[in-house]
Amino acid sequence: PELRDWLDYHLLVGVEHFFLSDLDGSLAGLLRSYIQQGVVTYMSDWVSHFPNKFKKFMLGSSSSGSTEKYVLEEEFYSQCIWENRGRSRWLLFL
């Protein structure tokens, strides 16, 4: 619900499109109506885009046993910029 409120607010103030990603596909249901309206591009299960060796590095376990996320944010930014070259006048990363 908080993500929906955030998206609705930013649509209200003039944002035209959002690019969102996650690591496990868990946002699919929440974003379905926004995707159908054409205001969200959703890249689910972002880590699946990388070779297994790279995935192990990005999702490696720390000494405490928790999973650490590495590199993904910068990779998503690069992908987003690349896919929108020449199409978007402005890009903002929050």
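A brief report on the enclosed structure follows.

Conventions we followed
- Residues numbered from 1 in each chain as written.
- Predicted model: local features only at pLDDT ≥ 70, side-chain atom pairs only at ≥ 80, totals over all residues.
- Heavy atoms only, no water.
- Patch = residues over 30% accessible without salt bridge, like charges linked within 9 Å, V, L, I, M, F, W, Y side chains within 5 Å.
- Areas by Shrake-Rupley, 256 points an atom, 1.4 Å probe, with all protein chains shown as cover.
- Salt bridge = Lys/Arg side-chain N within 4 Å of Asp/Glu carboxyl O.
- Helix = DSSP H or I, 4+ residues; strand = E, 2+ residues; numbered from the N terminus.
- Buried < 20%, exposed > 50% of the residue type's maximum accessible area, 1.4 Å probe, protein only.
- Axes fitted to C-alpha atoms, helices over the stretch in contact; angles between N-to-C directions.
- Parallel < 35°, antiparallel > 145°, perpendicular 65-115°, else oblique.
- Left-handed = near helix turned anticlockwise from the far one by under 90°.
- Contact = heavy atoms within 4.5 Å.
- Pairing = 2+ DSSP bridges.
- Right-handed = clockwise from strand over helix to strand, strands pointing away.

## Examining a nonpolar patch on the surface
So, point 1. A cluster of nonpolar side chains, contributed by Trp6, Leu92 and Leu94, occupies part of the molecular surface with about 370 Å² of accessible area.
So, point 2. Within the secondary structure, leucine 94 sits in the segment after helix H4 (72–83).
So, point 3. What makes leucine 94 exposed here is its relative accessible area of 70%.

## Looking at the packing of helix H1 (residues 2–12) against helix H2 (residues 28–37)
So, point 1. Interaxial distance between H1 and H2 falls to 10 Å at its minimum, and their mutual angle equals 20°. One finds that H1 runs roughly parallel with respect to H2. Here H1 runs over H2; the crossing is right-handed. Contacts from Leu3, Arg4, Leu7, Asp8 and Leu11 of H1 reach H2 at Leu30, Leu31 and Tyr34.

## Notes on the pairing of strand E2 (residues 40–43)
So, point 1. By the bridge criterion, four bridges tie strand E1 (residues 18–21) to E2 in an arrangement that is parallel. By the bridge assignment for E2, phenylalanine 18 is matched with valine 40.
So, point 2. Traced from E1 through H2 to E2, the parallel crossover comes out right-handed.

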